[in-house]
Every structure is written in C-alpha cells, then in structure tokens.
Number of protein chains: 2
Amino acid sequence: MAKQIRKLQIIPLGGMGEIGKNMLALRYEDEILLIDGGLAFPDADMLGVDILVPKIDWVVENAHQIKGWVLTHGHEDHIGGLPYMMRLLPKVPIYGARLTLGLLRGKFEEFMLREKDVDLNVVNPSDRVKISKNFTVDYFRMTHSIPDNSGLIIHTPLGRIVHSGDFKLDYNPSDGHTSHLHKLAQAGEDGVLALISDSTNAEQPGYTPSEQDVMNAIEEIIARTRGRIIVTTFSSHIHRLQNVIRIAEQHNRCIIVEGRSMIKNSRIAQELGYLETRKPLAIIDEMQGIQDDKVLFLCTGSQGQPMAALSRLATGGHRKITLKPGDTVIMSSNPIPGNEEAVNRVVNQLYERHVDVYYPPTYKVHTSGHGSQEELKLILDLTKPRFFLPWHGEIRHQVNHQRLAESMSIPPKKSLVAQNGDLIELTHNDIRVVDQVESGAVYIDSVGKFTDEITEPVIQDRQMLSNDGVVVIMAVVSRKPNIEVITRGVAQNNGKLATAIEQIALDNVQRGIREKRRLNDIRNDIFYPVRRYLRKATGRNPLILPTVIEG
Amino acid sequence: MAKQIRKLQIIPLGGMGEIGKNMLALRYEDEILLIDGGLAFPDADMLGVDILVPKIDWVVENAHQIKGWVLTHGHEDHIGGLPYMMRLLPKVPIYGARLTLGLLRGKFEEFMLREKDVDLNVVNPSDRVKISKNFTVDYFRMTHSIPDNSGLIIHTPLGRIVHSGDFKLDYNPSDGHTSHLHKLAQAGEDGVLALISDSTNAEQPGYTPSEQDVMNAIEEIIARTRGRIIVTTFSSHIHRLQNVIRIAEQHNRCIIVEGRSMIKNSRIAQELGYLETRKPLAIIDEMQGIQDDKVLFLCTGSQGQPMAALSRLATGGHRKITLKPGDTVIMSSNPIPGNEEAVNRVVNQLYERHVDVYYPPTYKVHTSGHGSQEELKLILDLTKPRFFLPWHGEIRHQVNHQRLAESMSIPPKKSLVAQNGDLIELTHNDIRVVDQVESGAVYIDSVGKFTDEITEPVIQDRQMLSNDGVVVIMAVVSRKPNIEVITRGVAQNNGKLATAIEQIALDNVQRGIREKRRLNDIRNDIFYPVRRYLRKATGRNPLILPTVIEG
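Not measured: the values here are computed from a predicted model.

Definitions and limits used
- Along each chain, residue indices are assigned from 1 in the same order as the chain's sequence is written.
- Key to labels: chains lettered from A, ligands numbered from 1, both in the order written.
- Predicted model: local features are reported for residues with pLDDT of at least 70 only, side-chain atom pairs are reported and counted for 80 or more only, and whole-chain, interface and lining totals are derived from all residues.
- Only hydrogens and water are set aside when side-chain values are computed; all heavy atoms of the structure are taken into account.
- Whether two residues are in contact is decided by their heavy atoms: any pair within 4.5 Å suffices.
- Buried area: the accessible surface (1.4 Å probe) lost by two parts on joining, summed over both.
- Put simply, a salt bridge is a Lys or Arg side-chain nitrogen that is within 4 Å of an Asp or Glu carboxyl oxygen.
- Our superposition of the copies is a least-squares fit, built on the C-alpha atoms of residues whose pLDDT is at least 70 in both.
- Strands are treated as partners if at least two bridges between them are detected by DSSP.
- Helix and strand assignments follow DSSP, with helices taken as H or I runs no shorter than four residues and strands as E runs no shorter than two, numbered in order from the N terminus.
- Between N-to-C directions, angles cover 0 to 180 degrees, with each direction set by a line fitted to C-alpha atoms, over the stretch in contact for helices.
- Buried means the residue's accessible area, taken with a 1.4 Å probe over protein chains only, is under 20% of the maximum for its type, while exposed means over 50%, and partly exposed covers the values in between.
- When the strands point away from the viewer, a crossover counts as right-handed if the route from the first strand across the helix to the second turns clockwise.
- The pLDDT score gives, residue by residue, the confidence of the prediction method on a 0 to 100 scale.
- Note on angle classes: values under 35 degrees are labelled roughly parallel, values over 145 roughly antiparallel, values of 65 to 115 roughly perpendicular, and the remainder oblique.
- Here the nonpolar group is Ala, Val, Leu, Ile, Met, Phe, Trp, Tyr, Cys and Pro; Asp, Glu, Lys and Arg are the charged ones; every other residue, Gly included, is treated as polar.
- Each helix should span, by expectation, one fewer than its residue count multiplied by 1.5 Å.
- As used here, the arc is the angular range of directions from the helix axis to the C-beta atoms.
- Polar contacts, as counted here, are pairs of nitrogen or oxygen atoms within 3.5 Å of one another; within protein the pair requires one atom able to donate a hydrogen and one able to accept it, and residues that are adjacent in sequence qualify only if both atoms are side-chain atoms.
- Any two of the Phe, Tyr and Trp rings considered here, Trp counted by its six-membered ring, make a pair once their centres fall within 6.5 Å; the pair's planes then place it as stacked at under 30 degrees, edge-to-face at over 60, or tilted in between.

A. Spatial organisation of the interface of chain B and chain A. Each partner contributes residues to the interface: chain B has 66 residues there, and chain A has 66 residues. Regarding the contact of chain B and chain A, the summed buried area is about 5,600 Å², with carbon and sulfur atoms giving 52% of it. The tally of links from chain B across to chain A stands at 10 salt bridges. One salt bridge connects Asp445 of chain B with Arg540 of chain A, and the closest N-O pair in it is separated by 2.7 Å.

If you want it as structure tokens, here you go:
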C-alpha cells in the first residue's frame, strides 16, 4: 500500500485579492487553525452598506474541527469581523496579544457577548503556543502602526509556515520594540515551507519612511503653531496617538480626545498601558475655556466619514467646537482607496474656514504602516521559503509581490497568486489550488443599534433606484378601474410621462377585465409594456412596481 | 462732479473652487466678454448624473451685452458645455483656434445645431482679435496636452488682464510649438493689471515632467513587447495620441482606434492636420487577422468608465477583442479625482486576465498637462501682476497658488481666492467681491440620445432610495379595505416588516372610513405612523410612498 502523502490545506476567506477582512484557515487532517477575522469597507456601488465581513459557511460547516483562532494584531481589518462570526461558531480558544484582545473585548458590549461566551488567551509577542496535535505557533514581533503586532511561525507536521502579519520594518518604532528579525532568520535557516507575506505596498519602490520621520514633521508644525491644533488619524493607530500626545505635552498642550472610536480606543490603550500620558486624556466637556495655545484635539474623521468629528468641524456642524482662522488641522493619515473624494471634500471645507491644513503627500505628516519593496525582499531573503503566497493585497499588489519574489537570487520554487475561497493544497513538492470553498462577503448595514445583513438583490435594487428612480403603478380592478402612477427619482418627472403610463396601465386593466385574466397576469400585462415604453421614450430603466388589487 | 471711477467686472461661472466647467465673464460698462464654457463630471453622490454644466442665468439675463465668446482650447472642461448653453443664448461670435472649433463642431450634430445657428471665427494662437469697443484679445500659445492651446491677453480700458489658460511649460512639446513666453514678458513690461492663472498643480513642488519623458517610457515598453498593445488615454489628448502613433509606426504596428470618442476625436484631429499618420487610422472591423506584434489599439476608458472600450476588455465584455496572456495594456493617464476606485478596478481586472499592465505612478507612462509650482512662479514673475486671481482649482489649489504668489520677491498687491458666482470688481486700486450672481451647476443625465436636466429634489430622492430603499403602500378605501405593501432595496425585507406596516395602514384606513376622512388625509394618516414605526424598529429612513384610492 502506497504511503499516504501528507497535505496541509490553506483556505483564505478574506484578504486575498483585496485589502481588508483578512482571514485564513489552515487545516491538517481534522484540525483547523484560524488566523484573524477582519472587516472591510464597501465599494462605492454597495449602496447603504457600512461594512463587509467574510462569508464563513465553510468554517461553520467544519466548526467542530477548529482548534484555535490566532490574532496577529488589533486593527479592524484583522479583528473587526470576529464579533459577527463568533455568534455563528462554537466557543473556541482565541489567542492574541494583550492590546489585541483588549480592543476585541471593547466590541463585546455592542454585540451582547459576555466574558463567559468567549475563551480569550493572552500571548506575548514572543510566546510559543501549542494549539493542538498538529499546530504550534511561535509569535514574533513585527513593527507596524499598532503596538503588540505579530507575525506567526506555524509549525506543522509538514514543515514551517511563516505568516508575516502586517508589517513595515521600522528601526525607530515609537515604543522602541523592533521587529524580531532573528526569529525569521532562524526559521529561514531551519527551513520554511511557505511564506505568507503582506503585499500592500508591493508596488512601492524603496523603503517606507519611519514613524520617526513623520513625528519630526508634526513636531515642527506643533512647535510653531500658536492657535488650536486638531490632529486626526485612525483611532487604532496607537503609535501615532502616543507620539502626538508626547509632542503635545512637551509643548504644554492638553489633549482632548473627540469622536466615539477615538475616545474608546484611547481609553482601552491607556488602561492597558499602551498609551502613556502625563495627565489623563480629557473629553471636550471637561475642558471649557482653555487657551488656544494650550490645547490639542485628537479626533476621528481621517477618512472623511460624514458623521465623524472632523467632518462636523469642517462643515460647521460640530455641537461644541467651531473652527476659526488661526486653527491648524493636521490630517495624519492617507485616504483608503475609495475615500479620496470624501477626504478631498473635507480638506476643501477646512480651507473655506480659513484654517491651516496639513495633509500628505504635500506635507510629510503620514507614513504607511506597510513595508515597501526593499522590506518585502528582506523578508523573502531571510525566510527563503520553498513556496510563496503573496497575501494582504489586491491582485495588482499580489502580482507585483510575486514578481519581486521571482526576481530574488534565491527565488521560491513556486509562488501562487490566490483568491478568497481557494482551497490551496500544500505538499513537500507543490502548492496548488485543488478546489474552491464558498467565500465572499456578508454585507452589513449598521445604524446605531440596528445591524442587518443586506443581500445582493437588495443592493441591485438600490443600484437601479439610485440611477433611474422608481415608478409605482397602482391599479384597482373593478367595474370602474382606477389607476395611480407615482414617479420618484425619475429624471423626466413631468406629467406627460405619468399620463402615458396611466394610459398603458388602464388599457391593460380593461383588457384584463374583459378577458377575465388573473390579477398576477394583469400585473405582468402592465409591467412589460411600461418597461418597453420607458426604455423607448426615455432610454432609462427605473424600478417599476405595478400592483393590481381588486376593488 | 467727481470723475466716475472706471471698473471692470470679472464673474466666474465655473472653474473657481473646482476643477471643471470653466467659464468666465468679463464686463466693462455694457459689454460682456465670455471665456470658455466647459463641463464637469459629477461627485459620487450625484446619483445618475452624467455631466454638469454651468448655471448661466446671469449670462442669459444679460445676453444682449455679449460681444464675443473666446475659447482657450478644445478640452471638454473648456468647450463641453457650449452646446448646452448656446441653446439658451443668442447667436454671438465665438473665437477659437482651428482645432478647438473643429472639436466644438464635432458636437453640433448630437445637439441638432446647424452651421447657420452659430458664428465661429478661427483665430491663430498668436492673433489679435478686436472683440468690441472695450475688449481686444491677444491670443498667445501655451503648451498643454492638446495642440492649439492658448492663453489670452485681454486689453481693456482699465488695463491688461492676462489669462494663462491651461498650461504647463514643456520645452519639448510634441508638435515643436513652444509657449509664447515673450508675449507674457512683454505684457509684464507694459504692465499687467490682473493675472488669472491655472492652479491645478499648485500643491506640486518642482516642474511637471515633459511629454518627452513619458514618450521615452512608452517607447521602451513598445520596443520590447511582442504581443498586442492596448494604449488608453483621454481621446482629446491629441499630443499623446500623436506620439503613441509615431512610436507605433516606427515599430511597424498598425493603429486601430476603438471607442466612440476616440474614433471621433482622432478623425477630427486628422482631418484638420493635427494628427499625422503614415496610413489612415483603422477601426476594428477593417483589421481582421492581423499579427499580434503588428498592432496597437488606441482606446477609450482611461477613467474606468464602465461602458468604455478598456472596461469592456477588462471584464471580457468586448464584442470583438478578447484579451489574452501576452497582451500589454498601457494606461497613459491619471484618474481624475473621484475615479480612483473605478480605475483601480480595471487595473485589477486586467491582472486577472494575465495581461501586462503599465500605469502611473508605478510606471512613468503619464505626465500632467498642468504646470507645477516652479512653472506657476515663472508666470507670476514674467507678468508681475498688480492683482492675482488663482483660477482652475479647488480651494486647496487656489490657496496654495495664492501662497506661492505671496512668496514672490515682487508679490501682487492683492490676490483673491474667488468662488463661482462672485461678482469681482476691479479698479486701478483694488480687486474685491462686491456681489454675488446666481451660479452653480445644471445636472445632466444623458443616455444615448436622451438628455435631461435633473433637479436637486430628484437627486435627494435617489440618495434616499439608494441608502434605504423604498416602501410602497397601496390602500383601497372601500367597504372591505385592501392593503398591499411592497418593499424594495430595504435591508430587513422580511415578511414581518411588511405585516406590521400593513396593520398600521389598515388601522388608519378603517379609522378614516369611520370618520369619513378625505383620501389625502388618510394618506398622511398612513405616512407618518409608518415612518415613525420604521425609524423606531429599524433605525432607517426609506422613501415611503403611500397611495390611497377609492375602490
């Protein structure tokens, strides 16, 4: 009998071919290890959708095999989907660094999850965790834009899998904790079967500037400013917050945090000791009548979100602060792709208020948290993987990362540009896609306490409605038929159009009565001729909603 | 009696505080001179809108004073609005270079404008045109991304107004015709009352690279490629088209133009002698079975427009060409702000088809047509204007252009960041905004031959529909009341919601019948409780359309 070939499966459920909602599953025999579970932000055409989380039907089906869920760091695109997914899965051990689990815990209340429902296990960023018979994970520290960020060396019966996590190589990180490159080097010496590595900036030549460079630019601005200062960045960018706070305190400014997620995340980070401040951070109500040159606001809205603090300031709609000439706004962030227009609008609105505005790339007040080509090559060189999976990127980033890998003097034996839902099979000799599992996104519409899934047909309806509006036709079938037509969001909303539609409907209702057709048939008798008429007369395709009732 | 102070009015109707739909009016006593009349593209939240043109109520009111309409060049954001506006105005003399008027003429058929309805006057880019008693215009050539591009020196009784037009300073322009800097210098020596200058790249340090640099990069790609080549750029970027054609011909490739505007604009430019080709440009049907290394396609879709040639190629929806590995796509353009997401999607789709893709900034296959800070400063230095109006930019660009001007050793006496609709009054001693005229945008929805204005309320309806969908409630008031509820695009589209709404409607209809209320009152009796219910139960705000009919 032939010896059974040993196989490891890797199943990306998010984060392949996209930036966002990162989630991977590894399976060896009957054991599954999950890595991260993030959320993503919708494209412009996903109307009314607030966030996307991975579709995890495959995980749910195989839930009994899950042995552990390891988290690399506390950013939303790595942990933001967990509370949604945990409700679909049994209680499994979750591993993560202290800050990562702290930020995760911060979401529990909103989702009505209780401590007893979850099994959280704190690991230090250099711990070894024995997950199960077949999986042991070595955490190692990688510098990124949040403390306690880790990569993973996953020991399996088939060999080592190195997962870079999100990273840049910062030799001057804000907390002084540099990357554990020696662990990568050692893994490389011992032999790495496969590397899974961050492709975000694979199109970017050179090195990503250090956080220190950004801080020098921001300090220069703070030092010479006499008016109020407002700084906006991602509230989860704890390093950036720490640095801005340090500089502000050196220049004798009190720090006021503003915006829901900024208040929440800074509080969590502070409680866990990841954010050092001379005085506790204040919120607006605690600080009235403070001098302009003695205050710095840290606020949300770096992505131009219309309801966030900065947008309200920019439009003059903030309840407690009104911007005035002499104020300075530092936008210490880049727009996520898709948010450029919203961010640009905020910048222009700030100029309209005659405040001084600093933003990248014109001003060097932001740097990426992800490594550029030279950094990616260093990781490839240190680990010398047999197989390579470019991850955490759109296909453009994955392909360019693959090209980088293949340009190395010691290239991987094979690299694979994978997609979400690929069932990737890894043996000693090959890496290839052998099957597909169900994958994709669950669309979440979330207004305050109301959270709903939105289905694809609902979004398609919305797209139709948003382009061409809606035509509602009501027909009462009775001795004296009665027709009402309402159009909303239709370009030609003059009476002529409604009259023509009414006539079409009336003719068909009368015919339907004569021929004793069923109500549903009469409905179709109205729908198709009206659609034909609208297309021919206006070239447009509004949503047509005929209803036929017996009077 | 005091001597009357002489005043010149400048009224921007588009292009101030925005990039797009450029249009200026100058008035001296009872004479009006119009400059350009462009279109703009909508923001993402202007649902179903295709283009914007300036609102010209003020011009229409004062139409009898118009003495001439001068055009600086043939780009859509300078001439694309003319056909819409010409229908609202009397026949006035229009002045422009040969190519500019050729491109304008190309639009007449679509708008059913006949030659006898218009008064087109060709000027050379160094002509002097006597417009009227008070206005004489010296055209002068400025390099940009289209041939026959001009700036204007406008002689008025009050002094010279210099209008830069769109420009960059290209010392190696494609057609060899460099800018007439001597005319600017002479105007500066003679005295310039006000400068109106292009702010597009006022945030960009240094110089904008020459068209020649881009061509070197593109030639390098074409020279080493063996498969088919597809190049996309703006169809009005005649210089880029000319250069690509020249290189393609040198490498023995036939050129096929594809996409409506590409075919049209290249034909016009060719007929007028602005596009030189060894062989006439071909369209796809004329070129079957040609070898892969003997063809180059010039096609539309550089902005990711879903219906354009490149998008169809990228999605596999093109009727005649199917991309395959070995094909090369060169995206010789930048996304206009707001189009980043669409362009990014096309790039990723191309990677999915395993074609080679080149795009800026990763590859140097595009350069801006607008000058950077050093070029802007040169124009300020040459003209030494008394007053300065930064134009052709959002407020961020205008303010940064203003800062540049104020940083000059000889700064303007005053510079003004104006908005559309400002009535700017210029005297020898001051420039200031003294009033506002009606301004803004007319929204155009244009599908094939169907062109409609869209009003603000229609767009508001569409925004509501696109976020939360629509709830249609039909109530038949009769002895046995009948209620039908349809929801579309609503997140919670389960039966429970519809049942609850039905019940609310039924209760109010029955009450209405008992109390003999009028139909319209019953309609309101349904609308408000349903809205309250939806807000409370779902947190959402769909468009609610109740109709009440007698059965």
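B. Seen up close, the relation of the copies chain B and chain A. Superposing chain B onto chain A takes a rotation of 180° combined with a translation of 0.1 Å along the rotation axis, leaving an RMSD of 0.3 Å. The two molecules are tied by a two-fold rotation axis, judged by turn and shift. Minimal C-alpha separation from the rotation axis in chain B is found for Gly551 of chain B, amounting to 1.8 Å. Mapped onto chain A, 100% of the interface residues of chain B are again interface residues, and the two copies thus contact each other with one and the same surface.

C. Local environment of the sheet that holds strand S17 (residues 356-358) of chain B. Residue and element names in this part refer to chain B. If you trace the five strands from one edge of the open sheet to the other, you get S14-S15-S13-S16-S17, paired in parallel fashion. The sheet is open, and its two borders are formed by strand S14 (254-258) and S17, each paired with just one other strand. Each strand axis lies, on average, 20° off the axis of its neighbour in the sheet, ignoring direction. With four bridges joining them, strand S13 (residues 229-232) and strand S16 (residues 328-331) adopt parallel strand pairing. Bridge pairing links Val231 to Ile330 in S16. Running over the sheet, helix H10 (residues 340-352) touches S16 and S17 and is turned about 165° from S16.

D. Local environment of the environment of Val346 of chain B. Residue and element names in this part refer to chain B. For Val346, the location among the structural elements is in helix H10. The exposure class of Val346 is buried, given its relative accessible area of 3%. Along the backbone, Val346 and Ser261 are 85 residues apart, and their C-alpha atoms lie at a distance of 19 Å. If we skip the residues at most four places from it in the chain, Val346 touches Gly304, Leu310, Ser311, Ala314 and Met331.

E. Spotlight on the pattern of salt bridges. All names here are of chain B. Following the criterion strictly, the structure yields 60 salt bridges over all chains and no others. A salt bridge links Asp138 to Arg128; the shortest N-O distance between them is 2.7 Å. Taken together, the residues Asp138 in strand S9 (residues 136-141) and Arg128 in strand S8 (residues 128-130) connect sequence positions 10 residues apart. A relative accessible area of 10% means that Asp138 is categorised as buried. Using a relative accessible area of 57% as the deciding quantity, one classes Arg128 as exposed. The closest approach of N and O atoms between Glu271 and Arg267, which form a salt bridge, is 3.2 Å. Of this pair, Glu271 and Arg267 are both found in helix H8 (residues 260-271), four residues apart, which corresponds to roughly one turn of the helix. Overall, Arg267 belongs to the partly exposed group, its relative accessible area being 41%.

F. Geometry of the pairing of strand S6 (residues 93-96) of chain A. Residue and element names in this part refer to chain A. Of the strand pairs in this sheet, strand S5 (residues 66-70) and S6 are connected by two bridges, and their pairing is parallel. In the strand pairing of S6, Val70 is matched with Tyr95. At this point the chain moves from S6, through helix H4 (residues 98-105), to the parallel strand S7 (residues 119-122), and the crossover so formed is right-handed.

G. Representation of the sheet that holds strand S7 (residues 119-122) of chain B within the structure. All names here are of chain B. Within the open sheet, the eight strands sit side by side as S7-S6-S5-S3-S2-S1-S20-S21. Their pairing is mixed. At either end of the open sheet lies a strand with only one pairing partner, and these are S7 and strand S21 (431-436). The average angle at which neighbouring strand axes cross in this sheet is 25°, direction not considered. Both strand S20 (residues 422-426) and S21 contribute to a ladder of five bridges, which runs antiparallel. Note on S21: the bridge partner recorded for Leu426 is Ile431. Docked against the sheet, helix H4 (residues 98-105) engages strand S6 (93-96) and S7, running at close to 150° with respect to S7.

H. Summary view of the environment of Asn121 of chain A. Residues and elements named next belong to chain A. As for its position among the elements, Asn121 is in strand S7. Since its relative accessible area comes to 25%, Asn121 is described here as partly exposed. For Asn121 and Arg98, which are 23 residues apart along the polypeptide, the C-alpha to C-alpha distance reads 8.8 Å. Ignoring sequence-local partners within four residues, the contact set of Asn121 consists of Pro93, Ile94, Tyr95, Gly96 and Leu101.

I. Layout of the confidence of the model for chain A. Summing up the model confidence of chain A, the mean pLDDT is 93 and the portion of residues at 70 or higher is 98%. Our summary of model confidence lists the complex with pTM equal to 0.89 and ipTM equal to 0.87.

J. Broad picture of H4 of chain A. Residues and elements named next belong to chain A. With six of its eight residues buried, H4 lies for the most part within the structure. Buried residues of H4: Leu99, Thr100, Leu101, Gly102, Leu103 and Leu104, and no others. Buried residues in H4 make contact with helix H2 (76-79), helix H3 (82-86), S6, S7, helix H7 (238-250) and helix H8 (260-271).

K. Main features of the packing of helix H12 (residues 395-406) of chain A against H10 of chain B. Taken N-terminus to C-terminus, the directions of H12 of chain A and H10 of chain B make an angle of 50°; their axes are 8 Å apart at the nearest point. When the axes of H12 of chain A and H10 of chain B are compared, the pair comes out oblique. Across the interface between the two elements, Ile395, Arg396, Val399, Asn400 and Arg403 of chain A of H12 of chain A pack against Asn344, Val347, Asn348, Tyr351 and Glu352 of chain B of H10 of chain B. Along the lines of polarity and charge, the residues of the contact of H12 of chain A with H10 of chain B split into four nonpolar, three polar and three charged.

L. Highlighting helix H6 (residues 211-224) of chain B. All names here are of chain B. Taking 1.5 Å per residue, 14 residues should reach 20 Å; H6 reaches 21 Å between its end C-alpha atoms and fits that length. Three or more residues of H6 are buried, namely Glu211, Val214, Met215, Ala217, Ile218, Ile221 and Ile222. Buried positions in H6, seen along its axis, are confined to an arc of 165° and lie on one side of it. On its buried face, H6 is in contact with S13, helix H7 (238-250), strand S15 (295-299), S16 and S17. Put simply, Ser210 is the residue that caps the front of H6, since its side-chain oxygen is 2.9 Å from the backbone nitrogen of Gln212.

M. Broad picture of the packing of aromatic side chains. All names here are of chain A. Per the counting criterion, the structure on display carries 10 aromatic pairs over all chains. Here the aromatic rings of Phe527 and Tyr528 are separated by 4.9 Å at their centres, their planes lie at 90°, and the arrangement is edge-to-face. By relative accessible area, Tyr528 is classed as partly exposed at 41%. Taken together, the ring pairs connect Tyr351, Tyr358, Tyr359 and Tyr363 into an aromatic cluster.

N. Inspection of the pairing of strand S9 (residues 136-141) of chain A at higher detail. Residues and elements named next belong to chain A. With respect to burial, S9 is a largely interior element, six of its six residues being buried. As defined by bridge partners, strand S8 (residues 128-130) adjoins S9 across three bridges and the pair is classed as antiparallel. Residue pairing for S9: Val129 is matched across the bridge by Val137. In this structure, the hairpin formed by S8 and S9 is closed by a connection of five residues. Sheet topology note: the S9/strand S10 (residues 150-156) ladder contains six bridges and is antiparallel.

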